[in-house]
Amino acid sequence: MGSLVACGGAAPPPSAPEPAEAEEAPAAASGGEAAEDGDGKKKEEDAAADASRQIPTTCEQKGDVCLPPAAFVKRLCSGFYPDVALSLFAKGSPFTRGYLTRDTEAWNASGGSSSNDKLLFDEEVLILYHRVPDTGGMVVSGAGGGYDVLRWDGTCASLMTEEVRQHVPPKPKFAPIPWKSLDDKTREAFQADEKVGKIVAERRRECKGATMGAVSAKCEKVDKQMSAALIEYVRGGGALPAPGALK
């Protein structure tokens, strides 16, 4: 007897997937790509933020000035970093120096710390940022913008273009160094120098630790002498510990 064959022909093909099922895999892949893009963007932002905290050793030439990175300048001028100022003013640093053409009030367009002391004629500053005037695309005679600058005391100031020049005066002036605000290691390095150490000790005797209020004429005199000695040390290439990164 012959074998039996089932009737009805071949089995039907599997039904097509519902639209939602068909789109599920691409959608999942798209979501994964978006997450990866988001992670990559965050890593880039974190890397940029870290870079803006590091003390630069090179500058970018823009016209006749060589400037530190703008992101670093923004962070620097939003705080108060007197140790960093000493590093940036150090002998051999590439950043452009400027000198005041007149006495002017100290104000900081970045909103950070500014000094109560006026900027003085012939005061030395470090040029940080060139602010281009907003003229709406029009050519305006005399609209030269201005500069954000760093003073020796670690504060930033905003100046009009005509208030600063690059010609070095015979005896540049300077903002007083805020001794009490310096890091302990920085003060120890200054005091280890024979000449500077003697003046620091003399100031301690005359001022008896005073930082504000009424002080003697002798204290004021030796305080200025100490600032001058600190700046001479830095300008001369004296060794100081590297400051920490910005906050």
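Look above for the structure.
Residues numbered from 1 in each chain as written. Predicted model: local features only at pLDDT ≥ 70, side-chain atom pairs only at ≥ 80, totals over all residues. Heavy atoms only, no water.

S.K.: Looking at this structure, I do not really get the overall build of the protein chain. What am I missing?
M.R.: Secondary structure summary: the protein chain contains six helices and seven strands in total. Secondary structure elements of the protein chain occur, N-terminal to C-terminal, as α-β-β-α-α-β-β-β-β-β-α-α-α. In the protein chain, of all internal contacts separated by at least 6 residues, the share reaching a separation of at least 24 is 65%. With the model as given, the accessible surface of the protein chain reaches about 15200 Å², and the carbon-plus-sulfur share is 54%. (Helix = DSSP H or I, 4+ residues; strand = E, 2+ residues; numbered from the N terminus. Contact = heavy atoms within 4.5 Å. Areas by Shrake-Rupley, 256 points an atom, 1.4 Å probe, with all protein chains shown as cover.)

S.K.: Can you help me understand helix H5 (residues 194–207) in this one?
M.R.: Count 3.6 residues to each turn of an α-helix, and residues three or four apart come out pointing the same way. When the terminal C-alpha atoms of H5 are compared, their 20 Å separation across 14 residues agrees well with the 20 Å that a helix rising 1.5 Å per residue should span. Those residues of H5 that fall on the buried side of the exposure criterion are Val-196, Gly-197, Ile-199, Val-200, Arg-203 and Cys-207. Buried residues along H5 cover an arc of 165 degrees about the axis, so they all sit on one side. Set apart from the buried face of H5 by more than 90 degrees, the exposed residues are Glu-194, Lys-198 and Arg-205. Taken together, the buried residues of H5 touch helix H4 (184–192) and helix H6 (217–235). Once H5 finishes, Lys-208 follows within two positions and takes phi at roughly 50 degrees, a positive value. (Expected span 1.5 Å × (residues − 1). Buried < 20%, exposed > 50% of the residue type's maximum accessible area, 1.4 Å probe, protein only. Arc of directions from axis to C-beta.)

S.K.: Mind showing me how you'd approach the sheet that holds strand E7 (residues 164–165) here?
M.R.: Sheets are built from strands that pair by backbone hydrogen bonding, the pairs being arranged parallel or antiparallel. The strand order across the open sheet formed by five strands is E6-E5-E4-E3-E7, and the pairing between neighbours is antiparallel. Of all the strands in the sheet, the pair left with one neighbour each is strand E6 (156–160) and E7. Sheet topology places strand E5 (residues 146–150) next to E6; five bridges connect them, and they run antiparallel. If you follow Val-149 over to E6, its bridge partner there is Ala-157. (Pairing = 2+ DSSP bridges.)

S.K.: Hey, could you run me through the nonpolar core in this one?
M.R.: Note that soluble globular proteins tend to have their nonpolar side chains buried in a common cluster. Judged by nonpolar contacts, the single largest core of 30 residues is most densely connected at Leu-76, Leu-88, Leu-128, Leu-150 and Phe-190. Mapped onto this core, the elements with two or more residues apiece are helix H2 (70–76), helix H3 (82–88), strand E4 (124–131), H5 and H6. In terms of residues, this core owes the most to one element, H6, which gives six residues. Ignoring sequence-local partners within four residues, the contact set of Phe-190 consists of Leu-86, Trp-179, Leu-182, Val-196, Gly-197, Leu-230, Tyr-233, Val-234 and Leu-240. (Core = buried A, V, L, I, M, F, W, Y, C linked by side-chain atoms within 4.5 Å.)

S.K.: Even after reading the chapter, I still don't get the side chain of Ser-52, so can you show me in this structure?
M.R.: Mapping Ser-52 onto the fold places it in helix H1 (residues 19–53). Here the side chain of Ser-52 touches Arg-75 through a polar contact of 2.9 Å, side chain to side chain. With residues near it in sequence (within four places) discarded, Ser-52 still touches Ala-71, Phe-72, Arg-75 and Leu-246. (Polar contact = N/O pair within 3.5 Å; in protein donor to acceptor, adjacent residues only side chain to side chain.)

S.K.: What is the right way to look at the packing of H5 against H6 in this model?
M.R.: Pairs of packed helices are described in terms of their axes, by the angle between the two and the distance that separates them. Taken N-terminus to C-terminus, the directions of H5 and H6 make an angle of 160 degrees; their axes are 9 Å apart at the nearest point. As the angle between them shows, H5 and H6 are arranged roughly antiparallel. Considering only the axes of H5 and H6, their crossing is left-handed. Contacts from Lys-195, Val-196, Ile-199, Val-200, Glu-202, Arg-203, Glu-206 and Cys-207 in H5 reach Lys-218, Cys-219, Val-222, Asp-223, Gln-225, Met-226, Ala-229, Leu-230, Glu-232 and Tyr-233 in H6. Of the residues belonging to the contact of H5 with H6, the class tally is 10 nonpolar, one polar and seven charged. (Axes fitted to C-alpha atoms, helices over the stretch in contact; angles between N-to-C directions. Parallel < 35°, antiparallel > 145°, perpendicular 65-115°, else oblique. Left-handed = near helix turned anticlockwise from the far one by under 90°. Nonpolar A, V, L, I, M, F, W, Y, C, P; charged D, E, K, R; others polar.)

S.K.: Looking at this structure, how should I read the pattern of salt bridges?
M.R.: Opposite charge on two side chains permits them to pair, given that their charged atoms come into close proximity. Counted under the stated rule, the structure contains 11 salt bridges. We note a salt bridge from Glu-123 to Arg-151, for which the minimum N-O separation is 2.8 Å. Residue Glu-123 is found in the loop between strand E3 (97–100) and E4, and its partner Arg-151 is found in the loop between E5 and E6; the two are separated by 28 residues along the sequence. No difference in accessibility class separates Glu-123 from Arg-151, as the two residues are buried. (Salt bridge = Lys/Arg side-chain N within 4 Å of Asp/Glu carboxyl O.)

S.K.: I'm lost on the state of the cysteines in this one. Help?
M.R.: Formally, a disulfide is one covalent bond, and it connects the sulfur atom of one cysteine to the sulfur atom of another. In this structure the tally under the stated criterion is three disulfides. Between the sulfur atoms of Cys-77 and its disulfide partner Cys-156 the distance amounts to 2.1 Å. Disulfide Cys-77-Cys-156: torsion about the S-S bond near -80 degrees, hence left-handed. Of this pair, Cys-77 sits in the loop between H2 and H3 while Cys-156 sits in strand E6; the two residues are 79 residues apart in sequence, bridging distant segments of the chain. Judged on exposure class, the residue Cys-77 and its partner Cys-156 are both buried. Shown here is the disulfide that connects Cys-207 with Cys-219, its sulfur atoms set 2.0 Å apart. Where Cys-207 bonds to Cys-219 through sulfur, the torsion about that S-S bond is close to 110 degrees, and the disulfide is right-handed. Residue Cys-207 is located in helix H5, and its partner Cys-219 is located in helix H6; the two are separated by 12 residues in the primary sequence. Owing to a relative accessible area of 6%, Cys-207 belongs among the buried residues under this scheme. Numbered in order of appearance, the disulfide-bonded cysteines of the protein chain are paired 1-2, 3-4, 5-6. (Disulfide = S-S within 2.5 Å.)

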